[in-house]
Amino acid sequence: KKEVFDWPILGPLAPHYHIIPVDRGAADATAVKRSLQVLKAEEALYIAPEGTRSKTGQLQQGHSGAVVLATRANAPIVPVGVWGQKALWSELMRLRRPRIGLSYGKPFRFAGAARPSRDELDAMTVEMMYRIAAQLPPEWRGVYAGEPPAWRYTVDLDAAEPQPSAAAASQSHP
């Protein structure tokens, strides 16, 4: 979000980490253009598809921005699950080391049109979010805690056909 650039400590550091400011209240064409440039240059781009921090720490409803960018740039997505960050600041203030979990899933691409319909975007977003949820311990999966749908729009980079990840159901987390 663009407000990070106004924060006292993080603001001056943000440009050094190649953070792209995003106006979350509007369709930010500049942010989209810069993000597509990064992806077409085959560089990594971290996107938080929920659009905001979770008050509970659980996964929230995803937005379609990451799907739009990935389909337009034909870029792969690496699903990443992060948990435990809710207690980060309280643990640091007590001079305790916070326990943050991080898990990466199999890279995948979206199959289909480069400009999907609204319904296709919504379905693609759900599939992407279930792939992210599979990287989280069950108690942190939030709205994506149930069974994932049959994959219709996502394809593992090492697979020929879209298919649900069997590993997601059996994956264990510390």
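Residues numbered from 1 in each chain as written. Predicted model: local features only at pLDDT ≥ 70, side-chain atom pairs only at ≥ 80, totals over all residues. Heavy atoms only, no water.

**So, the packing of aromatic side chains**
Let me state the cut-off plainly: Working definition: a ring pair exists when centres of Phe, Tyr or Trp rings (six-membered ring for Trp) sit within 6.5 Å. Plane angles under 30 degrees give stacked, over 60 give edge-to-face, the rest tilted. Accessible area is worked out with a 1.4 Å probe on protein chains only. A residue is then buried under 20% of its type maximum, exposed over 50%, and partly exposed in between. Where helices and strands are cited, they refer to DSSP runs of H or I of at least four residues and of E of at least two residues respectively, numbered from the N terminus. For a Lys NZ or an Arg CZ to count as sitting over a ring, it must be within 6 Å of the ring centre and within 35 degrees of the ring normal.
The full count for this structure, using the stated rule, is 2 aromatic pairs. Between the aromatic rings of phenylalanine 108 and phenylalanine 110, the centroid separation amounts to 5.6 Å while the plane-to-plane angle is 85 degrees, which identifies the pairing as edge-to-face. For the pair phenylalanine 108 and phenylalanine 110, one class covers both residues: buried. Taking 5.2 Å as the distance between ring centres and 85 degrees as the angle between the ring planes, the aromatic pair formed by tyrosine 130 and tyrosine 144 counts as edge-to-face. Residue tyrosine 130 is located in helix α5 (residues 118-133), and its partner tyrosine 144 is located in the loop between α5 and β4 (154-156); the two are separated by 14 residues in the primary sequence. Cation over ring: arginine 131 sits above phenylalanine 108, and NZ or CZ is 4.5 Å from the ring centre.

**Describing the nonpolar core**
Selection criterion: By nonpolar core is meant a set of buried Ala, Val, Leu, Ile, Met, Phe, Trp, Tyr and Cys residues that side-chain atoms within 4.5 Å join together. A contact between two residues is defined here by any heavy atoms of the two lying within 4.5 Å.
Ranked by internal contacts, the top residues of the largest apolar core, which has 19 residues, are Leu59, Val67, Ile77, Phe110, Met128, Met129 and Tyr144. Those elements that provide at least two residues to this core are α3 (65-73), β3 (108-110) and α5. Ranked by residue count, the leading element in this core is α5, at 7 residues. Once residues within four sequence positions are removed from consideration, methionine 129 is found in contact with Pro49, Glu50, Leu59, Gln60, Gly62 and Tyr144. In terms of nonpolar packing, the next biggest core, distinct from the first, is built from 5 residues, Leu36, Leu39, Leu69 and Ala75 among them.

**A look at the pattern of salt bridges**
Proximity of charged atoms lets side chains of opposite charge pair with each other. Rules: Basic side-chain nitrogens of Lys or Arg form a salt bridge, by our definition, when they fall within 4 Å of a carboxyl oxygen of Asp or Glu.
Evaluation of the coordinates by the stated rule reveals 4 salt bridges. Here arginine 94 and glutamate 91 are joined by a salt bridge, their closest N and O atoms 3.7 Å apart. Residue classification places arginine 94 among the exposed positions, given a relative accessible area of 51%. When its relative accessible area of 18% is taken as the criterion, glutamate 91 is described as buried.

That is the geometry; function is a separate question.
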